[in-house]
Amino acid sequence: MCRAKKEENNGAAPLRSVSGEVFATFASLLLVALVLMCMLQTGLSCAYFAQERKSALTAVLDGATAMAETYASEGNIVTLPGGDNELVERAKTGFELFNTSSDALVFVADRDGNILMHTGKDVAESAKIPQNLQEEMDSGKDIFLMGTMDDTLHDKYYIAGRRVNLGGSEGYLFAATPVHALAVYIRSILTMLLLSSAVILIVCGILCMVLARRITWPIEQISQAAKRLGGGDFTARAPVTGCQELADFATTFNNMAGRLQNIDNSRGQFMGNIAHELRTPMTSIKGFIDGMLDGTIPESEYKHYLGVVSQETGRLARLVQNMLDITKLESGEVKGTPKNYDIWSTVTDVVLSDERRIEDGRIDIQGLGPTGTMVYADPDFIHQVVYNIVDNAIKFTPPDGVIKFDIQQENDMVRVTIENTGDGIAPDALPFVFERFYKEDRSRGLNTRGSGLGLHICKVLITLSGGQIKAESEMGKWCRFTFTLPAGKTE
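Here we summarise the structure given alongside this text. In this text, all values refer to a predicted model and were calculated from it rather than measured experimentally. (Residues numbered from 1 in each chain as written. Predicted model: local features only at pLDDT ≥ 70, side-chain atom pairs only at ≥ 80, totals over all residues. Heavy atoms only, no water.)

## As for the sheet that holds strand E7 (residues 364-366)
For sheets, the rule is that strands pair by backbone hydrogen bonds, running either parallel or antiparallel.
No. 1: The five strands lie next to each other as E7-E9-E10-E12-E11, forming an open sheet whose pairing is mixed. Every interior strand has two partners, whereas the edge strands, E7 and strand E11 (469-474), have only one. Ignoring which end each strand starts from, the neighbouring axes of this sheet average 15° apart.
No. 2: Pairing of strand E9 (residues 402-410) with strand E10 (residues 413-421) involves eight bridges; the strand directions are antiparallel. Note that in E10 the partner of Gln 408 across the bridge is Arg 415.
No. 3: Strands E7, E9, E10 and strand E12 (478-486) of the sheet are contacted by helix H8 (residues 343-353), whose axis makes an angle of about 170° with E9.
No. 4: Along the sheet, helix H11 (residues 454-464) contacts E11 and E12; its crossing angle with E12, the most-contacted strand, is approximately 25°. (Pairing = 2+ DSSP bridges. Helix = DSSP H or I, 4+ residues; strand = E, 2+ residues; numbered from the N terminus. Axes fitted to C-alpha atoms, helices over the stretch in contact; angles between N-to-C directions. Contact = heavy atoms within 4.5 Å.)

The following block contains the structure:
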């Protein structure tokens, strides 16, 4: 069996259960959401950190500018080369306060971009401020960037710079903080995010398993019921639970299973009825022939019993033909050819074909109409319907009884009624007279001489013709069959 399943899957990976698929889907979505959240949070944190650095460095520039103006008022022009060494050292010491308090180094360049003074060890004294940055600051804008500023700094920094005018001399003032602070900040943020994500994944994973099981349980129940149904257990039903869609699905499945169960029951009854109907005449035929062969039946009686054998053989032939007709009709193999024609012609033809039986039974025929009533149907279908009903009526109408016909047009339908006097049909048998092989010896139209298929064929043919058929009776008095057909179309 395992080998068969492997071949059936063509060597593919084993299929997962529905709950596994739902859990995997939820878990994947959750994981993707957490990754996106981490990426978004990291991006926002970088932007926030950069903005915070910009604000901090701008504040440092403001403080350094104010301090530089103080030194300029004392005669130390920090933007010019040379000058009093003592005053320059005092200015440098003042700028180093920013390095201590804000972890920001400060450096000054002259008008030509040469580094005049700096705090910290990462400033290259021989470097020169890039020309494009000088031009941008000359336009009156503060600059803010991340990098080494063309190797002016030995490591990456957030850098803010502006042009200053101190004591009539122009130059450039810069403040910078190391980028590695961002890495520390991001590392701490990611650590918190990863810890939070791990907790979220564990909790949500458990919830996903519970929810997946809750959602897929009805599907699994329907699947189990379907397997039982496929194995021949037509009593299998699925629980109608879960969401609206799954409940509707289960209801539809149960309705289908119910119909299949009814079909299976009908099939079993049908096969049993066929076996019974075939066995009875075949038993009679075998008994009569064996009696003639072993001498039980004298030769003088051969003719009589051979006549009985002929009747039973004819009954078998009619039974087989009726079953073939029903199979073809219900499978749609036989297609009717409807046309406009006079329904009275069919009724008259059937009555005339049974004239000998009607006279022998001393039956009075009433209601045959001289005028035509047009219907739109297949003449062969309707001839078979009328013949079957009239044949039953003749069988069960007592001597001096009456068979009455009536045809009326009602709007776009024509109603045909065939009624006869007699014992009628028992009330408990009326709902079943059109079922296959149904017989009830006391009923009219259902006796041991028939196969129980004639009225079923009538119902199938009338349904195919677009009409309806029904039976009515009053025990001991009369029985009536009524069917409708579409009225003839106006040409």
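## Observations concerning the environment of Asn 420
No. 1: Following the sequence through the fold, Asn 420 ends up in strand E10.
No. 2: By relative accessible area, Asn 420 is classed as buried at 2%.
No. 3: Remark: the alpha-carbon pair of Asn 420 and Phe 405, spanning 15 residues in sequence, is separated by 8.9 Å.
No. 4: Of the polar contacts made by the side chain of Asn 420, one reaches the side chain of Thr 397; its length is 3.1 Å. (Buried < 20%, exposed > 50% of the residue type's maximum accessible area, 1.4 Å probe, protein only. Polar contact = N/O pair within 3.5 Å; in protein donor to acceptor, adjacent residues only side chain to side chain.)

## As for helix H10 (residues 379-396)
No. 1: Spanning 18 residues, H10 covers 26 Å between terminal C-alpha atoms, matching the ideal 26 Å at 1.5 Å per step.
No. 2: If you check which residues of H10 are buried, you get Phe 381, Ile 382, Val 385, Val 386, Asn 388, Ile 389, Val 390, Asp 391, Asn 392, Ala 393, Ile 394 and Phe 396. (Expected span 1.5 Å × (residues − 1).)

## Section: the nonpolar core
One recurring pattern in soluble globular proteins: nonpolar side chains tend to sit buried together.
No. 1: Ile 382 and Phe 483 are the most contacted members of the largest nonpolar core, which has 41 residues in total.
No. 2: Mapped onto this core, the elements with two or more residues apiece are H8, strand E8 (374-377), H10, E9, E10, H11, E11 and E12.
No. 3: Top element by residues in this core is H10. It accounts for eight residues.
No. 4: Once residues within four sequence positions are removed from consideration, Phe 483 is found in contact with Val 385, Val 386, Ile 389, Val 414, Arg 415, Val 416, Ile 462, Gln 468 and Ile 469. (Core = buried A, V, L, I, M, F, W, Y, C linked by side-chain atoms within 4.5 Å.)

## Observations concerning the environment of Thr 148
No. 1: Positionally, Thr 148 belongs in the loop between strand E3 (143-147) and strand E4 (157-166).
No. 2: Expressed as a C-alpha distance, the spacing of Thr 148 and Asp 122, which sit 26 residues apart in the sequence, is 9.7 Å.
No. 3: When near neighbours in sequence (up to four residues on either side) are disregarded, Thr 148 contacts Leu 153, Asp 155 and Lys 156.
No. 4: Looking at Thr 148, its side chain comes within polar contact range of the main-chain nitrogen of Asp 151, at 3.3 Å.

## Some words on the pairing of strand E2 (residues 115-118)
No. 1: Inspection of the sheet shows strand E1 (residues 105-110) paired to E2 by three bridges, in the antiparallel sense. In the sheet register, Val 108 faces E2, and the bridge partner there is Met 117.
No. 2: The antiparallel pairing of E1 with E2 creates a hairpin that spans four residues between the two strands, and Gly 113 there sits at a positive phi of about 90°.

## Examining helix H4 (residues 131-138)
In an α-helix, one full turn covers 3.6 residues, which means residues spaced three or four apart are oriented alike.
No. 1: When we look at burial in H4, the residues that qualify are Leu 133, Gln 134 and Met 137. Viewed end-on, H4 has its buried residues packed into an arc of 105°, placing them on one side of the element.
No. 2: Gly 140, located one to two residues past H4, shows a positive phi value of around 95°. (Arc of directions from axis to C-beta.)

## Digging into the pairing of E10
No. 1: Counting the residues between successive antiparallel strands, the hairpin from E9 to E10 contains two residues, one of them, Asn 411, with a positive phi of roughly 60°.
No. 2: Across nine bridges, the pairing between E10 and E12 is antiparallel. If you follow Thr 417 over to E12, its bridge partner there is Thr 482.

## A closer look at the packing of H8 against H10
To describe two helices that pack against each other, one gives the angle between their axes and the distance between the axes.
No. 1: It is at 9 Å that the axes of H8 and H10 come closest, and there the two elements cross at 45°. Regarding the angle of H8 to H10, the classification is oblique. Here the hand of the crossing between H8 and H10 comes out right-handed. Residues Ile 343, Thr 346, Val 347 and Val 350 of H8 pack against Ile 382, His 383, Val 386, Tyr 387 and Val 390 of H10.
No. 2: The class makeup of the residues in the contact of H8 with H10 is seven nonpolar, two polar and no charged. (Parallel < 35°, antiparallel > 145°, perpendicular 65-115°, else oblique. Left-handed = near helix turned anticlockwise from the far one by under 90°. Nonpolar A, V, L, I, M, F, W, Y, C, P; charged D, E, K, R; others polar.)

## Section: unusual backbone geometry
No. 1: Of note, the phi angle at Asp 151 is positive, near 65°, even though the residue is not glycine.
No. 2: According to the relative accessible area criterion, Asp 151 is exposed, its value standing at 58%.

## What to know about the pattern of salt bridges
No. 1: Enumeration over the complete set of coordinates arrives at 19 salt bridges.
No. 2: For Lys 286, the salt bridge identified is with Asp 290, shortest N-O distance 2.8 Å. Here Lys 286 and its partner Asp 290 are both found in helix H6 (residues 244-293), four residues apart, which amounts to about one turn of the helix.
No. 3: By relative accessible area, Lys 286 is classed as exposed at 54%.
No. 4: By relative accessible area, Asp 290 is classed as partly exposed at 31%.
No. 5: Here Arg 415 ties to Glu 410 by a salt bridge, and the two come within 2.9 Å at their closest N and O atoms. (Salt bridge = Lys/Arg side-chain N within 4 Å of Asp/Glu carboxyl O.)

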